[in-house]
There are 2 protein chains.
Amino acid sequence: MQPTKTDRALPLALLRARETVMSPIRKVLKDHDVTDQQWRVLRVLHENGLMDAKELAQSSCVLAPSLTRIIKNLEEKTMLTRRADGKDGRRVLLQILPLGAQLIESVTPEVQVVYQGLNDKYGTQKMSDLLDLLHDVVELS
Amino acid sequence: MQPTKTDRALPLALLRARETVMSPIRKVLKDHDVTDQQWRVLRVLHENGLMDAKELAQSSCVLAPSLTRIIKNLEEKTMLTRRADGKDGRRVLLQILPLGAQLIESVTPEVQVVYQGLNDKYGTQKMSDLLDLLHDVVELS
DNA sequence: GCAAACTAATTAATATGTTAACTAAGTTTT
DNA sequence: AAAACTTAGTTAACATATTAATTAGTTTGC
């Protein structure tokens, strides 16, 4: 069986698209000393309030072992707090702290500028279509 | 400025979609002791023949420092060869070896089965549309 | 021709990805 | 209630991502 041409392979296409989008955003995040994973974790936590580690890992698309390290790191920077769940001793509850929320709020405008530029060049309708199609891919699992 | 809801953020959507697609494929690759990065590198090399490291890195969406280590690893497994370019002493020329090509050819059918299942569930037309939209994203850079 | 600027690749340092093994806490079975 | 099973989180080991610095080779400008 012949391999699919690499430029029509979905995983590589997704990766290339992601690199295109993330590259300029990463620069912004870098200026604020945040990695994109830390950024995802903080954004999800900012959006959802109190969460346990499993929810947070799934929502932010970070694996559990990575999240453990990221949490440790962000906790040391007082960006978030970590405490055991009283009802279920296995769970760890996470909550964003003012410093974390402040980071989100100060970096977001810069990131939005990049998104907006992307959106203008790409087209709002196409962007919406793309997001819908991507959402459908995730639904398959 | 309010952050974009994380479920409509393009980078996260791309990442989630990629995870959905890659998860079953990774299992296949794991059974053959190949990481997905090594797989990408070998596939691109198999498709394109002789390439220098820079081309290979760009085409396979791997950063140069990672490629250096991946090449070292694959070279030790005699999956590919590495030699200096006679005309430009800075460049390194890579070529796939029979063992590498054999790996591609033996793993590809299994990967294709996964792709096919995905394609059947998702729809060929939608898949094609998605690939086109993703391609257009990359064109923006 | 040669120094400056540039380019390809590697190395270094830190963070994350990935799988497996492990610990602790909770749930189910009998 | 104790054993077996399950689940959440962590730790471990290795591979890759990311940026910066370094090395070696090439090209440019004067």
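Throughout what follows, the structure given in this document is the object of discussion. What you see is a predicted model; the values in this text were computed from it and never measured.

Turning next to the pattern of salt bridges. Evaluation of the coordinates by the stated rule reveals 16 salt bridges over all chains. As a salt-bridge pair, Asp88 of chain A and Arg91 of chain A come within 3.2 Å of each other at their nearest N and O atoms. Overall, Arg91 of chain A belongs to the partly exposed group, its relative accessible area being 35%. Lys126 of chain A is the partner of Asp136 of chain B in a salt bridge, and the nearest nitrogen-oxygen pair spans 2.9 Å. Residue Asp136 of chain B is located in helix H6 (residues 124-139), and its partner Lys126 of chain A is located in helix H6 (residues 124-139); the two belong to separate chains. Under the relative-accessibility criterion, Asp136 of chain B is labelled partly exposed at 27%.

On to the nonpolar core. By size, the foremost hydrophobic cluster in this structure holds 83 residues, and its most contacted members are Leu10, Leu130 and Leu134 of chain A together with Leu10, Leu130 and Leu134 of chain B. Among residues more than four places away in sequence, those in contact with Leu10 of chain B are Val21, Leu118, Met127, Leu130, Leu131 and Leu134 of chain A.

So, on to the relation of the copies chain A and chain B. By a simple turn and slide, chain A fits onto chain B: the slide is 0.0 Å along the axis, the RMSD is 0.1 Å, and the turn is 180°. Both copies of the chain, as the preceding transformation shows, are related through a two-fold rotation axis. When each C-alpha of chain A is compared by its distance to the rotation axis, Leu14 of chain A comes out closest, at 3.0 Å. Same-surface contact between copies: 100% of interface residues of chain A are shared with the interface of chain B.

Reading the values: the criteria
Residues numbered from 1 in each chain as written. Chains lettered and ligands numbered in written order. Predicted model: local features only at pLDDT ≥ 70, side-chain atom pairs only at ≥ 80, totals over all residues. Heavy atoms only, no water. Salt bridge = Lys/Arg side-chain N within 4 Å of Asp/Glu carboxyl O. Buried < 20%, exposed > 50% of the residue type's maximum accessible area, 1.4 Å probe, protein only. Helix = DSSP H or I, 4+ residues; strand = E, 2+ residues; numbered from the N terminus. Core = buried A, V, L, I, M, F, W, Y, C linked by side-chain atoms within 4.5 Å. Contact = heavy atoms within 4.5 Å. Least-squares fit on C-alpha atoms with pLDDT ≥ 70 in both.

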